[in-house]
Amino acid sequence: MLGAIEAGGTKFVLAVSDNDLNHVERLSIPTTTPEETFEKVFEFFDDYKLDAMGIGSFGPIDVNKKSATYGYVTSTPKSGWKNVDFLGKLKERYDVPMGWTTDVNAAAFGELKKGAAVGKESCLYLTIGTGIGGGAVINGEPLEGYGHPEMGHILVRMHEQDSFEGACPYHGNCLEGLAAGPAIEKRYNKKAQYLTDSDEVWEIEAYYIAQALMSYTLILSPEKIILGGGVMKQTQLFPLVRAEFSKLLNEYVATPNLEEYIVPPKLQDNAGITGCLLLAQKEL
Ligand code: ADP
Ligand code: ZN
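The following paragraphs examine the structure supplied in this document. (Residues numbered from 1 in each chain as written. Chains lettered and ligands numbered in written order. Predicted model: local features only at pLDDT ≥ 70, side-chain atom pairs only at ≥ 80, totals over all residues. Heavy atoms only, no water.)

### A short note on the sheet that holds strand 3 (residues 24-30)
The strand order across the open sheet built from 5 strands is 3-2-1-4-5, with neighbouring strands paired in mixed fashion. The open sheet terminates on both sides in strands that have one partner only, identified here as strand 3 and strand 5 (98-102). This sheet shows a mean twist of 15 degrees between the axes of neighbouring strands, independent of strand direction. For strand 1 (residues 2-7) and strand 4 (residues 52-57), the ladder comprises 6 bridges, and the chain directions are parallel. Bridging from a neighbouring strand, A4 pairs with G54 of strand 4. This element, helix 1 (residues 34-45), spans strand 1, strand 2 (11-17), strand 3 and strand 4 of the sheet and lies at about 15 degrees to strand 2. (Pairing = 2+ DSSP bridges. Helix = DSSP H or I, 4+ residues; strand = E, 2+ residues; numbered from the N terminus. Axes fitted to C-alpha atoms, helices over the stretch in contact; angles between N-to-C directions. Contact = heavy atoms within 4.5 Å.)

Printed below as a string of structure tokens:
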């Protein structure tokens, strides 16, 4: 059996399935303290005979196999979770091979194998929600280097009509600081979901997202870019982002047709947990 954990800052999604991902059982639990949360995790998985596990976690996390803190959640602002040996706690309980990467790398892997990027060798998955995070699969493998990508914190050019100072505690007006859900809320004193009818909000938002997608395209050249997260529930953003992307890139490099290149997730909210099950399967 395969076990999977999509570890998020607000909830953990736990799942088990047979080795072909046919029958999936899942449970969602709130993320509280590490002690309490792991107790519930063990309660769930103890009922099964696991062959492998796959974990996609919020972060930053240590994904460097040569590092002494491989498998740890490292500098997260989430209280109680800093320097927690996530993988170590699991290994102690279940001595099986484990795939370990970021939640967004797992989502990209899920979309590549079972979702919007089926048949491709590469894709990029960006979530725009409470924060902005990006993961990618390149040549069939989740993208990691010394650490893992942090695509939400790249720098972008300010929109002419935007004087917001930015909300990222580390960089102020980085992409996340300007375009994540809380940035929109802070700029307009209203939650993003209540700003649907304000054209200006989404034009500025698209301006930032398109700049980021241009950088990702120029650096990674993925075959597909998948945009998820709460803010992207504003589907009017898709044509705005594509138009701005096209303007910025100015035909410098060829891309697939933009309607097929910049798309929503096909697995919707299941991209992450599906990717985690697939990471487990990959360990077999
Ligand atoms: P998380 O990032 O915590 O996993 P979400 O992806 O749902 O969760 O992101 C939450 C953020 O997305 C909040 O800032 C919220 O205002 C925003 N959001 C949620 N739903 C919508 C919506 N329908 N339209 C625009 N923004 C939304
Ligand atoms: Zn930042």
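The rest of the description comes next.
### Brief notes about the site of ligand 1
Near ligand 1 the following residues occur: G129, T130, G181, P182, A192, Q193, G229, G230, V231, K233 and Q234. In the environment of ligand 1, an oxygen atom lies 2.8 Å from a nitrogen or oxygen atom belonging to the backbone of G230. Contact with the protein chains covers 66% of the free accessible surface of ligand 1, which is 560 Å². Per-class residue counts for the shell around ligand 1 are 3 nonpolar, 7 polar and 1 charged. (Near = heavy atom within 4 Å. Polar contact = N/O pair within 3.5 Å; in protein donor to acceptor, adjacent residues only side chain to side chain. Areas by Shrake-Rupley, 256 points an atom, 1.4 Å probe, with all protein chains shown as cover. Nonpolar A, V, L, I, M, F, W, Y, C, P; charged D, E, K, R; others polar.)

### Structural notes on helix 7 (residues 237-249)
For an α-helix, 3.6 residues make a turn, and residues three or four places apart therefore share a direction. Spanning 13 residues, helix 7 covers 18 Å between terminal C-alpha atoms, matching the ideal 18 Å at 1.5 Å per step. For helix 7, the full list of buried residues reads L237, F238, V241, R242, E244, F245 and L249. Packed against the buried residues of helix 7 are helix 6 (199-220), strand 9 (225-228), helix 8 (258-261) and strand 10 (262-263). N250 sits one or two residues past helix 7 and shows a positive phi near 55 degrees. (Expected span 1.5 Å × (residues − 1). Buried < 20%, exposed > 50% of the residue type's maximum accessible area, 1.4 Å probe, protein only.)

### Side note on the coordination of the zinc ion (ligand 2)
Donor atoms from the polypeptide that bind the zinc ion (ligand 2) are H153 (ND1), C168 (SG), H171 (ND1) and C174 (SG), placed at 2.1 to 2.4 Å. Coordination geometry of the zinc ion (ligand 2): the 4 donor atoms subtend angles of 102 to 120 degrees at the metal centre, consistent with an arrangement described as tetrahedral. Here the donor residues of the zinc ion (ligand 2) share one chain and are spaced in sequence as H-x14-C-x2-H-x2-C. On the criterion of sequence distance, the pair formed by H153 in the loop between strand 8 (141-142) and helix 4 (175-179) and H171 in the loop between strand 8 and helix 4 is long-range, its members being 18 residues apart. (Donors = N, O, S within 2.8 Å, 3.2 Å for Na, K, Ca; no water. Tetrahedral: all angles 85-135°; square planar, octahedral: opposite > 155°, others 65-115°.)

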